[in-house]
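# Observations on chain architecture
Spelled out from the first residue to the last, the chains are:
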Amino acid sequence: MDYHDEKVKRAIEVLQSYWGINKTTAKFTQQNAERLGLTLQQLSIVNLLKFTPGITLKEITQRLLSAKSTVSVSVEGLVQLGFVERQTSTEDRREINLRLTSEGEKVSKSSTQNPYSYQAMVSALEQMEETEIKQLVDLNKKLLENLQKVEF
């Protein structure tokens, strides 16, 4: 790849802008998790269980694209905190389904009511014109569609 090519330079610039946005919003999400006394992984699991109660550890690892051992440690921490409970599957006794407890439901609700990343994005977007925001969203959709068509 020729890094002096203007098209390549432009691609790098676009990617770096998205990485910067992702890193910054991830920082806000991390702060939200810390406010609740959780790791980012634990908060992800709590919110996943909120919308998909009864899923298995394996399904969580697939959805979060994380190692089973990492997810297992996070789930164990959530069980110890009283936010998650394990239940043996009625269909397969070898499977364990995970559900939020009432305390876990409260934590999930709290995390989604005032997430820092959304507050930060609202604040940043308030400094832009409505037409700029619409154009940004439309361009991002178009870019995503084009990326999804790329095959190697």
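The written sequence of each chain sets the order in which its residues are numbered from 1. Local features in this predicted model are restricted to residues whose pLDDT is 70 or higher, and side-chain atom pairs enter the listing and the counts only when it is 80 or higher, whereas totals over whole chains, interfaces and linings include all residues. Derived side-chain values reflect all non-hydrogen atoms in the structure, with water molecules and hydrogen atoms excluded from consideration.

### A word on the overall build of the protein chain
- Tallying secondary structure elements over the protein chain gives seven helices and two strands in all.
- Only DSSP runs of H or I covering at least 4 residues are called helices, and only runs of E covering at least 2 are called strands; the numbering of each starts at the N terminus. Along the chain direction, N to C, the helices and strands of the protein chain fall in the order α-α-α-α-β-β-α-α-α.
- Against the 2.2 N^0.38 benchmark of 15 Å for 152 residues, the protein chain shows a C-alpha radius of gyration of 20 Å, more extended than a compact globule.
- Along the three orthogonal principal directions, the C-alpha set of the protein chain runs to about 60 × 40 × 20 Å.
- Counting only residues that meet the buried cut, the protein chain has 24% of its 152 residues in that class.
- Within the protein chain, counting contacts between residues at least 6 apart in sequence, those at least 24 apart form 50% of the total.
- For the area figures, the Shrake-Rupley method with a 1.4 Å probe applies, and any residue is considered shielded solely by the protein chains shown. Carbon and sulfur atoms provide 54% of the accessible area of the protein chain, an area that totals close to 11,300 Å². Taken over C-alpha atoms, the radius of gyration is set against a globule rule of 2.2 Å times the number of residues to the power 0.38. Accessible area is worked out with a 1.4 Å probe on protein chains only. A residue is then buried under 20% of its type maximum, exposed over 50%, and partly exposed in between. For this analysis, residues touch if any pair of their heavy atoms sits within 4.5 Å.

### Details of the nonpolar core
- Among the nonpolar cores identified, the biggest contains 18 residues, and L38, I45, L49, I60, L78 and V84 are the most heavily contacted of them.
- Among the elements of the structure, α2 (40-51), α4 (68-81) and β2 (96-100) are those that each provide at least two residues to this core.
- A per-element tally of this core places α2 first, with five residues. Nine residue types can take part in a nonpolar core, namely buried Ala, Val, Leu, Ile, Met, Phe, Trp, Tyr and Cys, and a core is a set of them joined through side-chain atoms within 4.5 Å.

### Details of the layout of surface pockets
- Approximately 310 Å³ is the volume found for the largest pocket.
- Of all the elements in the fold, those that place two or more residues in the lining of the largest pocket are α1 (6-35), α6 (116-125) and α7 (130-149).
- Residue classes in the lining of the largest pocket are distributed as ten nonpolar, five polar and no charged. The pocket and cavity definitions rest on a 1 Å grid over protein atoms only: a 1.4 Å probe that fits but cannot leave marks a cavity, an open set with protein on both sides within 12 Å along at least five of seven lines marks a pocket, and residues lining either have an atom within 4 Å of a point. Grid points are joined across faces, edges and corners, and a volume is the space filled by probe spheres set on the points. Residues are grouped as follows: Ala, Val, Leu, Ile, Met, Phe, Trp, Tyr, Cys and Pro are nonpolar; Asp, Glu, Lys and Arg are charged; all remaining types, including Gly, are polar.

### As for the packing of aromatic side chains
- Each Phe, Tyr or Trp ring (for Trp, its six-membered ring) is paired with any other whose centre lies within 6.5 Å, and the angle between the two planes then decides the class: stacked below 30 degrees, edge-to-face above 60, tilted in between. Throughout the structure, instances matching the rule amount to zero aromatic pairs.
- Two conditions define a charge located above a ring, namely a distance within 6 Å from the ring centre to NZ of Lys or CZ of Arg, and an angle within 35 degrees of the ring normal. If you follow R35 out to its NZ or CZ, it ends over the ring of Y116, 5.3 Å from the centre.

### Observations concerning the pattern of salt bridges
- The term salt bridge refers to a pairing of a side-chain nitrogen on Lys or Arg with a carboxyl oxygen on Asp or Glu at a separation within 4 Å. Considering all chains together, one arrives at six salt bridges under this definition.
- Residue R86 pairs with E76 through a salt bridge whose shortest N-O separation is 2.5 Å. Of this pair, R86 sits in strand β1 (residues 84-88) while E76 sits in helix α4, and the two are ten residues apart along the sequence.
- A salt bridge links K106 to E103; the shortest N-O distance between them is 3.1 Å.

### Some details on the environment of K141
- With respect to the helices and strands, the residue K141 is situated in helix α7.
- Among the residues examined, K141 registers a relative accessible area of 53% and is labelled exposed.
- Once the C-alpha coordinates of K141 and R35 are considered, the two residues, 106 residues apart in sequence, prove to be 32 Å apart.

### Examining the side chain of S74
- When you line up the elements, S74 lands in helix α4.
- The residues touching S74, leaving out its near neighbours within four places in the chain, are Q41, Q42 and I45.

### Let's talk about the environment of Q87
- Here Q87 shows up in strand β1.
- Assessed through its relative accessible area of 29%, Q87 is described here as partly exposed.
- Discounting residues that sit within four places of it in the chain, Q87 has contacts with E95, I96, N97 and R99.
- Under the rule applied, a polar contact is a pair of N or O atoms within 3.5 Å (in protein, one hydrogen donor and one hydrogen acceptor; residues adjacent in sequence only if both atoms are side-chain atoms). Polar contacts involving the side chain of Q87 include one to the side chain of E85, which spans 3.4 Å.

Keep in mind these values describe shape, not function.
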